[in-house]
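Chain residues, written in single-letter form:
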Amino acid sequence: MHPAPLGTYPLDDISRALAGKGLSLDVTGFRCRVRSDQGGTLAAPIRQLYADYPAALEPQGFHDLDIDLHRRRSGLFSREVAFGWDGQSPFPSLPESQAHPLFEWGLNWCIATLSGERVVIHAAVLEKDGGALVLPGDPGSGKSTLCAELCLSGWRLLSDELTIISRENGLVQPIPRPISLKDTSIRLIQGRHPGVEMTTPITDTRKGAIAYVRPPADAVRRWTEAVPIRHVLFPRYVAASPLAATPRSRARVLTLLLENTFNVGLLGTSGFTALAQAIAGAGGHEIEYGSLDDVVAWLGSVW
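Just so it is clear, the structure is predicted and the values come from calculations on it, not from any experiment.

## Regarding the overall build of the protein
When helices and strands are tallied, the protein shows 10 helices and 18 strands. At 19 Å, the protein has a C-alpha radius of gyration in line with the 19 Å of a compact globule built from 303 residues. Taking all contacts inside the protein whose residues are at least 6 apart in sequence as the whole, residues at least 24 apart take part in 72%. Averaging the coordinates of the 29 positive side-chain charges in the protein and doing the same for the 31 negative ones gives two points 1 Å apart.

Right, dumping it as structure tokens:
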């Protein structure tokens, strides 16, 4: 069976594929086979979020990732779901209601692991006018909220979680995937963008309520278009705070990026050098904000 956009397949067929030999899903440069006895739970959010990605209901040939999510009894009356990659379980099992977030978190980890020959930074990244904006940030910094706002306001989504940089040419490789939003950010983005396509929030996770924004079809279509870094912005959301943007030297930007880089220790000197060269022509700021409108307006003035 030749791949077709996942959204063209009936939901029941996707559920049966997940519960059977697996669903073959091409996630940018990674070909995944996904199997799960949670097909009834996973089929709908996966179909919604990955509707524009090539997929096949009968897996054939080589797959970069062989993923399974299966039920595991955790007590006399409770059941959990475990994430498996090639027979290993790198994460603790979670309640069955969290099967979809577990899939997304696990796929992030798999992609980061398989991208080990490149520089991998925990940061959102978007593109406009041929340049990349990198948004590193700790949990609660507002990174994903700002990423969603920009993505829904004309910027091209490259990734919500992973900034992957080639060591050969310093360009950012797009890995467009769903944007994760939590708690009040869900209502904020829905209020600002009433037409946003988003999954139903799951409220009982260890991170609070979680929902995912579907990546734009154009971002998925253009995943091969790598771009140079133009600016690195370290956001920090503080409720009701006026906007305060502080320029940072490239040395300071490099230091902060290294703190958010998964594998620079493994890559050694070549990884350090590649990252330094990738930001050689980039600007950098730390920014504190309490209003998305202020950040969007500020970015428009400096871009």
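## Examining the pairing of strand 18 (residues 283–289)
Here strand 16 (residues 229–237) runs beside strand 18; their pairing, made up of 7 bridges, is parallel. Looking at strand 18, one finds that P235 is bridged to I287. Bridge analysis of strand 17 (residues 244–247) against strand 18 gives 4 bridges, and the strand direction is antiparallel. Bridging from a neighbouring strand, T246 pairs with E286 of strand 18.

## As for the environment of R16
For R16, the location among the structural elements is in helix 1 (residues 11–19). Separated by 23 residues in the primary sequence, R16 and G39 place their C-alpha atoms 6.9 Å from one another.

## Details of unusual backbone geometry
The phi angle of most residues is negative, glycine excepted, and most peptide bonds adopt the trans form. Although it is not a glycine, T28 adopts a positive phi angle of roughly 50°. The residue T28 is located in the loop between strand 2 (23–27) and strand 3 (30–36) in this model. The exposure class of T28 is buried, given its relative accessible area of 9%. For D183, which is not glycine, the phi torsion reads 45° and is therefore positive. Locating D183 in the fold gives a position in the loop between strand 13 (179–182) and helix 5 (184–192). For D183, a relative accessible area of 37% puts it in the partly exposed group.

## Let's talk about the pattern of salt bridges
In this structure the tally under the stated criterion is 17 salt bridges. With a closest N to O distance of 3.0 Å, E127 and R156 form a salt bridge. Here E127 is found in strand 8 (residues 119–128), whereas its partner R156 is found in strand 10 (residues 156–159), with 29 residues between them in sequence. Both residues of the pair, E127 and R156, belong to the buried class. Each member of the salt-bridge network shares a partner with another, and the members are D218, R221, R222 and E225.

## Re the environment of A276
Tracing the chain through its elements places A276 in helix 9 (residues 269–278). Accessibility expressed as a relative area gives 27% for A276, which makes it partly exposed.

## A look at the packing of helix 2 (residues 39–49) against helix 3 (residues 99–114)
For the pair helix 2 and helix 3, the least separation of the axes is 9 Å and the interaxial angle reads 55°. Between helix 2 and helix 3, the angle falls in the class oblique. Of the two elements, helix 2 crosses helix 3, and the hand of that crossing is right-handed. Contact residues: T41, L42, P45, I46 and L49 in helix 2; A99, H100, F103 and E104 in helix 3. In terms of residue class, the contact of helix 2 with helix 3 is built from 6 nonpolar, 2 polar and 1 charged.

## Some details on the nonpolar core
One finds L6, Y50 and L107 to be the most contacted residues of the largest nonpolar core, which totals 41 residues. Beyond its immediate sequence surroundings of up to four residues, L6 is in contact with I14, L23, L25, I46, R47, Y50, A51, Y53 and A55. A124, L133, C147 and I189 belong to the second largest nonpolar core, which has 29 residues in total.

## Remarks on the state of the cysteines
Applying the stated rule across the entire model yields 0 disulfides. The closest cysteine sulfur to the non-disulfide-bonded C147 is located on C151, 6.2 Å from its own sulfur.

## Here we look at the sheet that holds strand 15 (residues 208–213)
Reading across the sheet, the 3 strands line up as 13-15-14 and stay open at both edges, with antiparallel pairing between neighbours. Each edge of the open sheet is held by one strand with a lone partner, namely strand 13 and strand 14 (202–205). Recorded for the sheet is a direction-independent mean angle of 40° between the axes of neighbouring strands. Strands in contact with helix 3 are strand 14 and strand 15; relative to strand 15, the strand with the most contacts, it is inclined by about 65°.

## Quick notes on helix 10 (residues 292–302)
Among the residues making up helix 10, those that are buried are L292, V295, W298 and L299. Buried positions in helix 10, seen along its axis, are confined to an arc of 125° and lie on one side of it. For helix 10, the exposed residues lying more than 90 degrees away from the buried face are A297, G300 and S301. In this fold, the buried residues of helix 10 make contact with strand 9 (131–136), helix 4 (143–151), helix 5, strand 16, strand 17 and strand 18.

Reading the values: rules and limits
- Numbers given to residues run from 1 along each chain, matching the order in which its sequence is written.
- Local features are withheld for residues below a pLDDT of 70 in this predicted model, meaning they are given only at 70 or higher, and side-chain atom pairs are given and counted only at 80 or more; totals for whole chains, interfaces and linings count all residues.
- Think of the side-chain values as coming from all heavy atoms in the structure, minus any hydrogens and water.
- Where helices and strands are cited, they refer to DSSP runs of H or I of at least four residues and of E of at least two residues respectively, numbered from the N terminus.
- Atoms considered for the radius of gyration are the C-alpha atoms alone. The globule rule reads 2.2 Å times the number of residues to the power 0.38.
- Note on definitions: a residue-residue contact is assigned when non-hydrogen atoms from the two residues lie within 4.5 Å.
- Lys and Arg are tallied as positive, Asp and Glu as negative. Neither His nor the chain termini are counted.
- The location of each charge is read from NZ of Lys, CZ of Arg, CG of Asp or CD of Glu.
- Strand pairing is defined by DSSP finding a minimum of two bridges between the two strands.
- Exposure classes here rest on a 1.4 Å probe applied to the protein chains alone. A residue is buried below 20% of its type maximum, exposed above 50%, and partly exposed in between.
- Think of a salt bridge as a Lys or Arg side-chain nitrogen and an Asp or Glu carboxyl oxygen that are within 4 Å of each other.
- Helix axes are fitted only over the stretch in contact, all axes being lines through C-alpha atoms; the angle between N-to-C directions runs from 0 to 180 degrees.
- Should an angle lie under 35 degrees it is considered roughly parallel, over 145 roughly antiparallel, and from 65 to 115 roughly perpendicular; all remaining angles are considered oblique.
- A crossing counts as left-handed when the near helix is turned anticlockwise from the far one by less than a right angle, and as right-handed when that turn is clockwise.
- Lys, Arg, Asp and Glu make up the charged group, whereas Ala, Val, Leu, Ile, Met, Phe, Trp, Tyr, Cys and Pro make up the nonpolar group; the residues left over, Gly among them, are polar.
- What is meant by a nonpolar core is a set of buried Ala, Val, Leu, Ile, Met, Phe, Trp, Tyr and Cys residues, joined one to another through side-chain atoms within 4.5 Å.
- The disulfide criterion is simple: two cysteine sulfur atoms within 2.5 Å.
- It is the directions from the helix axis to the C-beta atoms whose arc is reported.

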